[in-house]
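Chain by chain, the residues run as shown.
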Amino acid sequence: MQLVYFAWVREMVGTDAETLAPPADVTTVAALLDWLAGRSDGHAAALADRSRIRVAVDQQFAGPDTTLAGATEIAIFPPVTGG
Amino acid sequence: MQLVYFAWVREMVGTDAETLAPPADVTTVAALLDWLAGRSDGHAAALADRSRIRVAVDQQFAGPDTTLAGATEIAIFPPVTGG
Amino acid sequence: MIAARLQAEPFDLAAEQAALLAGRTDLGAAVCFTGLVRADEGLVALTLEHYPAMTLAQMQAIADQAAARWPSVVGTAIHRHGRLTPGEAIVLVVTASPHRDHAFAAAMFLMDWLKTGAPFWKREEWADGTTRWVEAKATDDGAAARWNQA
Amino acid sequence: MIAARLQAEPFDLAAEQAALLAGRTDLGAAVCFTGLVRADEGLVALTLEHYPAMTLAQMQAIADQAAARWPSVVGTAIHRHGRLTPGEAIVLVVTASPHRDHAFAAAMFLMDWLKTGAPFWKREEWADGTTRWVEAKATDDGAAARWNQA
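So, a few notes on the structure that sits alongside this text. Not measured: the values here are computed from a predicted model. (Residues numbered from 1 in each chain as written. Chains lettered and ligands numbered in written order. Predicted model: local features only at pLDDT ≥ 70, side-chain atom pairs only at ≥ 80, totals over all residues. Heavy atoms only, no water.)

1. A look at the interface of chain D and chain C
Link 1 in the chain: Taken together, the 30 residues of chain D in the interface contact 31 residues of chain C.
Link 2 in the chain: Carbon and sulfur atoms make up 61% of the surface buried where chain D meets chain C, a total of about 2,500 Å² over both sides.
Link 3 in the chain: Looking only at chain D, the three residues that lose the most surface to chain C are D:Arg38, D:Arg100 and D:Phe104, adding up to 27% of its buried area.
Link 4 in the chain: At the junction of chain D and chain C, the tally comes to four salt bridges.
Link 5 in the chain: Linking C:Arg100 and D:Asp112 is a salt bridge whose minimum nitrogen-to-oxygen distance equals 2.8 Å.
Link 6 in the chain: Applying the counting criterion to the chain D and chain C interface returns 15 residue pairs in polar contact (both at pLDDT 80 or more).
Link 7 in the chain: Secondary-structure elements contributing two or more residues to the side of chain D that touches chain C are helix H1 (13-21), strand E2 (29-36), helix H3 (100-117) and helix H4 (138-149) of chain D.
Link 8 in the chain: The leading source of residues in the side of chain D that touches chain C is E2(D), at eight residues.
Link 9 in the chain: Relative to E2(D), strand E2 (residues 29-36) of chain C runs antiparallel, the two sharing seven bridges. Bridge pairing links C:Ala29 to D:Gly35 in E2(D). (Contact = heavy atoms within 4.5 Å. Buried area = accessible area lost by both parts, 1.4 Å probe. Salt bridge = Lys/Arg side-chain N within 4 Å of Asp/Glu carboxyl O. Polar contact = N/O pair within 3.5 Å; in protein donor to acceptor, adjacent residues only side chain to side chain. Helix = DSSP H or I, 4+ residues; strand = E, 2+ residues; numbered from the N terminus. Pairing = 2+ DSSP bridges.)

2. Some thoughts on the pattern of salt bridges
Link 1 in the chain: All told, the structure shown has 26 salt bridges over all chains when counted by the stated rule.
Link 2 in the chain: Salt-bridge contacts for C:Glu135 lead to B:Arg52; the nearest nitrogen and oxygen are separated by 2.8 Å. One end of the pair, C:Glu135, is in the loop between strand E8 (131-133) and helix H4 (138-149); the other, B:Arg52, is in the loop between helix H3 (41-46) and strand E3 (54-57), on a second chain.
Link 3 in the chain: Across the pair D:Arg38 and D:Asp40 runs a salt bridge, and its minimum N-O distance is 3.5 Å.
Link 4 in the chain: Each of C:Arg100, D:Asp112, D:Asp140 and D:Arg146 takes part in one network of salt bridges that share partners.

3. Quick word on the relation of the copies chain D and chain C
Link 1 in the chain: With an axial shift of 0.0 Å and an RMSD of 0.0 Å, the rotation relating chain D to chain C amounts to 180 degrees. As the rotation angle and translation indicate, the two copies are arranged about a two-fold axis. Among all residues of chain D, the minimum C-alpha distance to the rotation axis is found for D:Cys32, at 2.5 Å.
Link 2 in the chain: Both copies share a contact surface, since 100% of the interface residues of chain D are interface residues in chain C too. (Least-squares fit on C-alpha atoms with pLDDT ≥ 70 in both.)

4. So, the sheet that holds strand E6 (residues 89-97) of chain D
Link 1 in the chain: The strand order across the open sheet formed by eight strands is E1(C)-E4(C)-E6(C)-E2(C)-E2(D)-E6(D)-E4(D)-E1(D), and the pairing between neighbours is mixed. Each edge of the sheet is formed by a strand with only one pairing partner; in this case those strands are strand E1 (2-7) of chain C together with strand E1 (2-7) of chain D. Pairwise comparison of adjacent strand axes, ignoring direction, gives a mean angle of 10 degrees for this sheet.
Link 2 in the chain: The sheet contact formed by E1(C) and strand E4 (residues 74-80) of chain C spans six bridges and is parallel. In the strand pairing of E4(C), C:Gln7 is matched with C:Arg80.
Link 3 in the chain: Where helix H2 (residues 55-69) of chain D meets the sheet, it contacts E1 and strand E4 (74-80) of chain D, and its direction lies at approximately 160 degrees from that of E1(D).
Link 4 in the chain: Packing against the sheet, H3(D) makes contact with E2 of chain C together with E1, E2, E4 and E6 of chain D, and its axis sits at approximately 150 degrees to E6(D). (Axes fitted to C-alpha atoms, helices over the stretch in contact; angles between N-to-C directions.)

5. Examining H4(D)
Link 1 in the chain: An ideal rise of 1.5 Å per residue puts 16 Å on 12 residues; H4(D) measures up with 17 Å between its terminal C-alpha atoms.
Link 2 in the chain: What H4(D) keeps buried is the set D:Asp140, D:Ala143, D:Ala144 and D:Trp147. Down the axis of H4(D), the buried set is contained in an arc of 90 degrees. They therefore lie on one face. Seen from the open side of H4(D), the exposed residues pointing more than 90 degrees away from its buried face are D:Ala138, D:Thr139, D:Asn148 and D:Gln149.
Link 3 in the chain: Residues of H4(D) that are buried make contact with helix H3 (100-117) of chain C together with H2 and H3 of chain D. (Expected span 1.5 Å × (residues − 1). Buried < 20%, exposed > 50% of the residue type's maximum accessible area, 1.4 Å probe, protein only. Arc of directions from axis to C-beta.)

6. A short note on the interface of chain D and chain A
Link 1 in the chain: If you look at the interface, chain D gives 25 residues, while chain A gives 20 residues.
Link 2 in the chain: Of the roughly 1,800 Å² buried between chain D and chain A on both sides combined, carbon and sulfur atoms contribute 58%.
Link 3 in the chain: The largest share of the area that chain D buries against chain A comes from D:Tyr51, D:Trp121 and D:Trp133, three residues that together contribute 35% of it.
Link 4 in the chain: Linking chain D with chain A are two salt bridges, by the criterion used here.
Link 5 in the chain: Between A:Arg10 and D:Glu49 there is a salt bridge, with the nearest N and O atoms lying 2.5 Å from each other.
Link 6 in the chain: Summed over the shared surface of chain D and chain A, the number is 12 residue pairs in polar contact (both at pLDDT 80 or more).
Link 7 in the chain: Of all the elements in the fold, those that place two or more residues in the side of chain D that touches chain A are strand E3 (43-50), E6, H3 and strand E7 (120-126) of chain D.
Link 8 in the chain: No other element matches the five residues that H3(D) contributes to the side of chain D that touches chain A.

7. With respect to the packing of aromatic side chains
Link 1 in the chain: Using the criterion set out here, one finds 20 aromatic pairs over all chains in the structure.
Link 2 in the chain: Aromatic pair C:Phe104 and D:Phe33: ring centres 5.3 Å apart, planes at 15 degrees, arrangement stacked. You can see C:Phe104 sitting in helix H3 and its partner D:Phe33 sitting in strand E2, one on each of two chains. With respect to burial, C:Phe104 and D:Phe33 carry one shared label: buried. (Phe/Tyr/Trp six-rings, centres within 6.5 Å; stacked < 30°, edge-to-face > 60°.)

In structure tokens form, the structure reads like this:
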């Protein structure tokens with residue numbers, strides 16, 4: 001599974017992408033964020049306030065309950081500020 | 001008193017302006033329109049449907065009850081269609 | 001400050017917007033509205049008649065109302081008169097503001113009132129030689145009136 | 001049809017509007033919205049980061065929603081990415097329609113959703129050397145959400 005990070009999430013995690021294989025019981029976005037938060041202090045700090053985190057699964061906006069079944073790219077980023 | 005006409009009111013009256021001296025009892029816009037309608041068939045036809053007539057007194061939009069006291073230029077025209 | 005202009009000549013939307021933004025550092029949003037002569041089947045031209053002694057003053061009064069309502073907005077409203085052919089631009093409203101909601105609102109207000117509150121009359125010329133004065137639309141009056149309820 | 005584009009280069013508002021109107025005879029109204037980098041005191045530049053695999057597709061999805069909602073509207077939505085300095089344009093939305101209400105509504109819809117539904121992030125650089133990620137605004141979310149209630 002490819003993880004990609006943007007904006008301050010990218011800066012706090014310390015990389016813009018990493019390939020990871022979460023355990024089999026990580027089946028939802030919420031479970032993935034919990035698992036990722038345990039990987040490093042940077043991951044933990046970036047994901048500390050879940051209200052400021054947005055996720056896209058295979059380039060579609062996703063919620064905490066979105067399944068990861070079949071997903072190949074998970075993007076994690078702050079609320080968007082375009083326009 | 002200067003009367004000026006625009007659009008189809010001008011075409012039906014047959015002139016774009018005329019100087020007239022209405023009788024002393026013509027003190028409002030409504031009374032002026034009644035008096036003007038008697039001046040010619042063209043005036044009568046132009047003013048037949050008062051719902052389609054708009055008036056400005058000295059370049060300010062006016063209603064039927066607007067006074068003519070001190071007025072120098074009365075404009076009579078259809079509802080506007082700019083923009 | 002919203003400036004009104006009345007002219008026969010075409011206008012240049014990019015130049016008008018650039019002039020509005022020049023020297024300003026606080027404007028994050030610019031809105032341009034252009035009204036055009038639609039080439040309805042058989043329409044040859046549109047002639048805009050106006051009331052020289054009143055039209056520009058009335059346009060400026062509308063512009064002043066918009067400026068009072070949205071003090072952060074600067075703008076330019078240009079209305080053409082005379083004979084125009086299909087595809088030509090009739091009216092331009094450009095507004096700019098720190099934030100987009102006020103720039104959009106002021107542009108819509110200006111257009112709604114230029115349609116219903118400034119003395120212009122449109123005469124259509126058709127391919128068969130007939131001419132027809134455009135009738136005012138109740139929907140335009142309604143669009144303008146809603147600003148008084150807000 | 002409303003077309004979305006994503007580019008680093010500046011855009012030309014007059015050329016984009018002219019391209020939209022070219023060959024069309026039924027469009028009586030054109031609206032252009034330009035979003036600009038405000039020169040807030042001490043701001044040196046703004047860098048727009050985006051998600052290459054998703055951003056343009058998401059912009060086009062927003063454009064398609066606007067086109068479905070206002071079928072008479074044609075339009076172009078261009079969003080820039082990369083480093084921009086105060087006064088530079090970030091985003092352009094041009095819409096055209098037979099009547100003005102739909103052109104205005106579609107332009108506002110596009111802007112509200114480009115602000116809240118397309119993956120862009122703004123980083124500010126300040127004269128003292130600090131940088132700061134712009135926070136999302138609740139007012140932008142509110143502006144977008146109202147379209148779902150209508």
